[in-house]
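Take a look at the letters that make up each chain.
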Amino acid sequence: MLARLLNGDRRALARLLTRIENQDTDAVAMLTALYAYTGRAHLIGVTGAPGTGKSTLVSALTRALRERGRTVALLAVDPSSPFTGGAVLGDRVRMRDLAGDSGVFIRSMASRGGLGGLARTTRDMARALDAAGFDFVLIETVGAGQSEIEIARLAQTVLVVEVPGLGDDVQAIKAGILEIADVLVVNKADRPGAENTVRALRTMLELGHAAARERLRADFTVEDRVENTVLSDWMPPIVQTVASEGRGIGAVIEALDAHRAYLRSNGHWEQIERRQLELELLHRLRDGLLERLLDQLSMGEIGAVIDQVQSRAIDPYTAVSRMLAETTMMIDQSHSER
Ligand SMILES: Nc1nc2c(ncn2[C@@H]2O[C@H](COP(=O)(O)OP(=O)(O)OP(=O)(O)O)[C@@H](O)[C@H]2O)c(=O)[nH]1
Ligand SMILES: [Mg+2]
């Protein structure tokens, strides 16, 4: 299956993505095998408020990238939809004219197993698409909360889509989402107020959001605090588009390419990857340890401890440290028995 995937077999790829989405146990074995072939694609997170035109932009972008001979995989993540519902279907219809092109691969996914699980699944899917050799992996997600930001951060470049109608009210722009933007797109520039929006965004960026972005990226590192200056000198370009008419798309590609060139030039690319991997390893360790600890405790035992805490026979702090001490001892024992 790995060989077929690396040879561009679309059915093998589709099947693997389904297994990843279903969290099949054999998906891990395949991800293990393909990891060595990852790290080549440019992963781009596309996020923004509902209805800003992300899907329209992404399909216009895909078409333009194909004209330039580059291959594109598209992951549409819809955290709000518990099933493959209307919006995603609409996206599919719009993308229909790209179907049949072997340089394009489109996949929609809805929420499964909570948002944390969704971020993990998205990362693994992006990895499979990367190994399959696509030059670009575009990940569309609705920018609504922290978890969507997490999904956007799986990428090397985060593209944030805004629309006119903000006037000069900079408060209307969600600061959190601006801080993760590497490229800003003001879509629906055919509507009045586009210039004002661009100006408002530029003001916000100049008001020190670059510094905030730097903090945000640096936030999740425990390893190398010395590298905190990463990304400090990239000023996100602001591009106006009319995605529905394909206008401004060339400038978006230029901005994406410029960001990649910037990251590549100073080792930033590797630093971002290193931090993302650090975060991933910490998450996996935490999940794995928790699972192991819970394996060692029966629900009956936990219930008995809760009884004691509730009756004030013991406090929660001591209860947890005792349980931790006991379970780690049990894990040690089961190790030495093996
Ligand atoms: N006027 C105008 N309309 C646009 C433009 N781009 C997209 N639209 C329209 O805006 C609507 C929403 O577009 P989508 O691409 O579905 O937006 P989205 O951000 O993907 O939406 P969600 O995935 O539901 O959050 C559609 O009716 C598009 O045709 C544009 O540049 N100008
Ligand atoms: Mg969409």
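Structure shown above.
Okay, so let's go over this structure. Being a predicted model, the structure only gives us computed values, none of them experimental. (Residues numbered from 1 in each chain as written. Chains lettered and ligands numbered in written order. Predicted model: local features only at pLDDT ≥ 70, side-chain atom pairs only at ≥ 80, totals over all residues. Heavy atoms only, no water.)

1. Some words on the pairing of strand β1 (residues 42-48)
The side chains of a regular strand alternate between both faces of the sheet.
Right, on to step 1. Taken across its seven residues, β1 has seven buried, putting it largely inside the fold.
Right, on to step 2. Because side chains alternate across β1, one face comprises the buried residues His 42, Ile 44, Val 46 and Gly 48, and the other comprises Leu 43, Gly 45 and Thr 47, equally buried.
Right, on to step 3. Relative to strand β4 (residues 136-142), β1 runs parallel, the two being bridged by seven bridges. Counted as the bridge partner of His 42 is Phe 136 from β4. (Buried < 20%, exposed > 50% of the residue type's maximum accessible area, 1.4 Å probe, protein only. Helix = DSSP H or I, 4+ residues; strand = E, 2+ residues; numbered from the N terminus. Pairing = 2+ DSSP bridges.)

2. A few points about the site of ligand 1
Right, on to step 1. Within the structure, ligand 1 sits among 16 residues, and Gly 53, Lys 54, Ser 55, Thr 56 and Asp 190 are positioned closest to it.
Right, on to step 2. A distance of 2.5 Å is found between an oxygen atom of ligand 1 and a side-chain nitrogen or oxygen belonging to Thr 56.
Right, on to step 3. For ligand 1, whose unbound accessible area comes to 650 Å², protein coverage reaches 72%.
Right, on to step 4. Elements with a contribution of two residues or more to the shell around ligand 1: α4 (54-67) and β4.
Right, on to step 5. Counting residues per element, the shell around ligand 1 draws most heavily on α4, at three residues.
Right, on to step 6. Split into classes, the residues belonging to the shell around ligand 1 amount to four nonpolar, seven polar and five charged. (Near = heavy atom within 4 Å. Polar contact = N/O pair within 3.5 Å; in protein donor to acceptor, adjacent residues only side chain to side chain. Areas by Shrake-Rupley, 256 points an atom, 1.4 Å probe, with all protein chains shown as cover. Nonpolar A, V, L, I, M, F, W, Y, C, P; charged D, E, K, R; others polar.)

3. Re the coordination of the magnesium ion (ligand 2)
Right, on to step 1. Protein coordination of the magnesium ion (ligand 2) is provided by Ser 55 (OG) and Glu 140 (OE), with donor distances spanning 2.1 to 2.2 Å. You can see Ser 55 sitting in helix α4 and its partner Glu 140 sitting in strand β4, a full 85 residues away along the chain. (Donors = N, O, S within 2.8 Å, 3.2 Å for Na, K, Ca; no water.)

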